[in-house]
Amino acid sequence: GITTITVDMRRSEKATLRVTNIMGEVVSTKSINFNIGENTLTMDTGKWTAGIYFYTINSGEFSVTKKLVRE
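(A) Looking closely at the pairing of strand 6 (residues 62–70). In terms of strand pairing, strand 5 (residues 51–59) meets strand 6 through 9 bridges, oriented antiparallel. Looking at strand 6, one finds that Phe54 is bridged to Lys67. If you look at the hairpin formed by strand 5 and strand 6, you'll find 2 residues sitting between the two strands, and Gly60 has a positive phi there, around 60 degrees.

Next comes the structure, spelled out in structure tokens:
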């Protein structure tokens, strides 16, 4: 039930992490302060049902969405 996401940042920034399920429903949202370089985020996914999720990290001009599979 633990998932780790690694994000490499070019500058220190505040960002938002949003996780949605395959239906587009928001499962989790949180604000994060990233440091320059590699940042590791740990999420407890133990209460989530098995399936496909998408996480989006938004920070100013930066936005990335990736797939996350919970087995």
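That covers the picture; the talk isn't over yet.
(B) Expanded view of the environment of Asn58. Assignment of secondary structure puts Asn58 in strand 5. For Asn58, a relative accessible area of 38% puts it in the partly exposed group. In sequence terms Asn58 and Ser31 are 27 residues apart; their C-alpha atoms lie 9.6 Å from each other. The residues contacting Asn58, other than those within four sequence positions of it, are Lys14, Ala15, Thr16 and Ser63.

(C) Summary view of the packing of aromatic side chains. One pass over the structure, following the stated rule, counts 1 aromatic pair. Here the aromatic rings of Trp48 and Tyr53 are separated by 4.8 Å at their centres, their planes lie at 35 degrees, and the arrangement is tilted. Both residues of the pair, Trp48 and Tyr53, count as buried.

Reading the values: rules and limits
- Residues numbered from 1 in each chain as written.
- Predicted model: local features only at pLDDT ≥ 70, side-chain atom pairs only at ≥ 80, totals over all residues.
- Heavy atoms only, no water.
- Pairing = 2+ DSSP bridges.
- Helix = DSSP H or I, 4+ residues; strand = E, 2+ residues; numbered from the N terminus.
- Buried < 20%, exposed > 50% of the residue type's maximum accessible area, 1.4 Å probe, protein only.
- Contact = heavy atoms within 4.5 Å.
- Phe/Tyr/Trp six-rings, centres within 6.5 Å; stacked < 30°, edge-to-face > 60°.

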